[in-house]
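Examining the three-dimensional arrangement
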Amino acid sequence: MDISGTTVLVTGANGGLGRNFVEQALARGASRVYATARRPRQWEDARVVPLALDVTDEASVAAAVAAAPDVDIVINNAGVGGASSLLASSVEDVERVFATNVFGALRVAKAFAPVLASRGGGALVDVHSVLSWLAIAGGYSASKAALWSLTNSLRVELAPQGTLVVGAHLGYTDTPMIADVDAEKNDPAEVVASIWDAVAADEDEALADQVSRDVRAALSGPVRSLYPQLLAN
């Protein structure tokens, strides 16, 4: 896929990954980028169009489609944390995480699918996590696993209209969402560059770091091999 000259829409554009998606799209030649967020910020580059978007609200998504009818690439990046333990979290908190990470992403994909079709197919990028495959973060892991499954289904359903669907996986990355996590973290610029590389190469998946590649490879083995705490029992 040639990114040069395209129009890109990024959800969750105010965050660490989102900002890099916007800036790197422009660096790769995108002619316009809709930078969306619940409370969009202002950008100095005239090619960036700030756009209000709450992915959990049907009317807000519909308004975004009306305001951005020329989109070639949709980056489903908006996400929230929380519900790190299923037993310790309320069902309502788990539902809140799913509302954004799963149903919000699906709502955006469904709404913009006709736009992408009208533009010749384009691309949809869903930002997952290595936690799509590792159930160590309770409701958050479950939400990313659900999004991974939705992405796989959307890839099949959008194939007839020529839409490339890319699922992006990454480990801990230095963004505000995990600022309090004490662990080695990826550079968000490097992660986003690897995802854009996958889009340009028409790849179905972007494994943005070594931990994602290692866990992806381990999925063919026994489930317990991914969880040392289970092997001890």
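Quick note: structure is the one above.
Every value quoted in this text rests on a predicted model; they were computed, and no experiment measured them.

Of all six residues in strand β2 (residues 32–37), five are buried; the element is thus mostly enclosed. In this structure, strand β1 (residues 7–10) lies alongside β2, joined through four bridges in parallel fashion. Its bridge partner being in β2, T7 is matched across the sheet by R32. Once you follow β1 into helix α1 (residues 16–27) and on to β2, the crossover reads as right-handed. Inspection of the sheet shows β2 paired to strand β3 (residues 48–52) by five bridges, in the parallel sense. Within β3, the residue paired with A35 across the bridge is P50.

Attention now moves to the packing of aromatic side chains. What the rule picks out here adds up to two aromatic pairs. Taking the centre distance of 6.1 Å and the plane angle of 75° together, the rings of F21 and W196 count as edge-to-face. One end of the pair, F21, is in helix α1; the other, W196, is in helix α5 (residues 188–200), with 175 residues separating them in the sequence. Classification of F21 by relative accessible area gives buried; the value is 0%. Summarising the aromatic geometry, the rings of W133 and W148 are spaced 5.7 Å apart at their centres and angled 80° between planes, so their arrangement reads as edge-to-face. Linking W133 in the loop between β5 (123–127) and α4 (138–158) with W148 in helix α4, this pair joins segments that are 15 residues apart in sequence. Under the relative-accessibility criterion, W133 is labelled buried at 6%.

The periodicity of an α-helix, 3.6 residues per turn, causes residues three or four positions apart to be oriented the same way. End to end, helix α3 (residues 91–118) covers 39 Å across 28 residues, agreeing with the expected 40 Å (1.5 Å per residue, within 8%). A bend of about 40° at A99 is the largest found in α3. Note on α3: the residue one or two positions beyond its end, G120, has a positive phi of about 95°.

Before going further, it helps to examine the side chain of H169. By secondary structure assignment, the location of H169 is in strand β6 (residues 164–169). Engagement of the side chain of H169 in a polar contact is seen with the backbone oxygen of S129, the distance being 3.1 Å. With residues near it in sequence (within four places) discarded, H169 still touches H128, S129, V130, S132, W133, W148, E205, A206, L207, A208 and S212.

In this section: the sheet that holds β2. Paired through their backbone hydrogen bonds, the strands of a sheet run either parallel or antiparallel. The parallel open sheet is built from seven strands, whose spatial order is β3-β2-β1-β4-β5-β6-β7. One side of each edge strand has no neighbouring strand; the edge strands of this open sheet are β3 and β7 (205–207). For this sheet, the mean inter-axis angle between neighbouring strands, taken without regard to orientation, is 15°. Where β5 and β6 come together, five bridges link them in parallel fashion. Following the sheet pairing, V125 is matched in β6 by V166.

Two elements in contact, helix α2 (residues 58–67) and α3, have axes whose closest approach is 10 Å; the angle formed by their N-to-C orientations is 25°. Looking at the two axes, α2 sits roughly parallel to α3. In the packing of α2 onto α3, the handedness of the crossing is right-handed. On α3, the residues that touch E58, V61, A64 and V65 of α2 are R107, V108, A111, F112 and V115. Partitioned by chemical class, the residues of the contact of α2 with α3 number seven nonpolar, no polar and two charged.

With respect to burial, β5 is a largely interior element, five of its five residues being buried. Residue alternation in β5 divides its side chains into two sets, A123, V125 and V127 and L124 and D126, and both sets are buried. Running through α3, the crossover from strand β4 (residues 73–76) to the neighbouring parallel element β5 is right-handed. As a crossover connection, the stretch from β5 through α4 into β6 is right-handed.

In this structure, A146 sits in helix α4. Residue A146 is classed as partly exposed on the basis of its relative accessible area of 22%. Not counting residues up to four positions away in its chain, the partners in contact with A146 are F98 and V102.

Criteria and thresholds
Residues numbered from 1 in each chain as written. Predicted model: local features only at pLDDT ≥ 70, side-chain atom pairs only at ≥ 80, totals over all residues. Heavy atoms only, no water. Buried < 20%, exposed > 50% of the residue type's maximum accessible area, 1.4 Å probe, protein only. Helix = DSSP H or I, 4+ residues; strand = E, 2+ residues; numbered from the N terminus. Pairing = 2+ DSSP bridges. Right-handed = clockwise from strand over helix to strand, strands pointing away. Phe/Tyr/Trp six-rings, centres within 6.5 Å; stacked < 30°, edge-to-face > 60°. Expected span 1.5 Å × (residues − 1). Bend = angle between axes of the 7 residues up to and from the residue. Polar contact = N/O pair within 3.5 Å; in protein donor to acceptor, adjacent residues only side chain to side chain. Contact = heavy atoms within 4.5 Å. Axes fitted to C-alpha atoms, helices over the stretch in contact; angles between N-to-C directions. Parallel < 35°, antiparallel > 145°, perpendicular 65-115°, else oblique. Left-handed = near helix turned anticlockwise from the far one by under 90°. Nonpolar A, V, L, I, M, F, W, Y, C, P; charged D, E, K, R; others polar.

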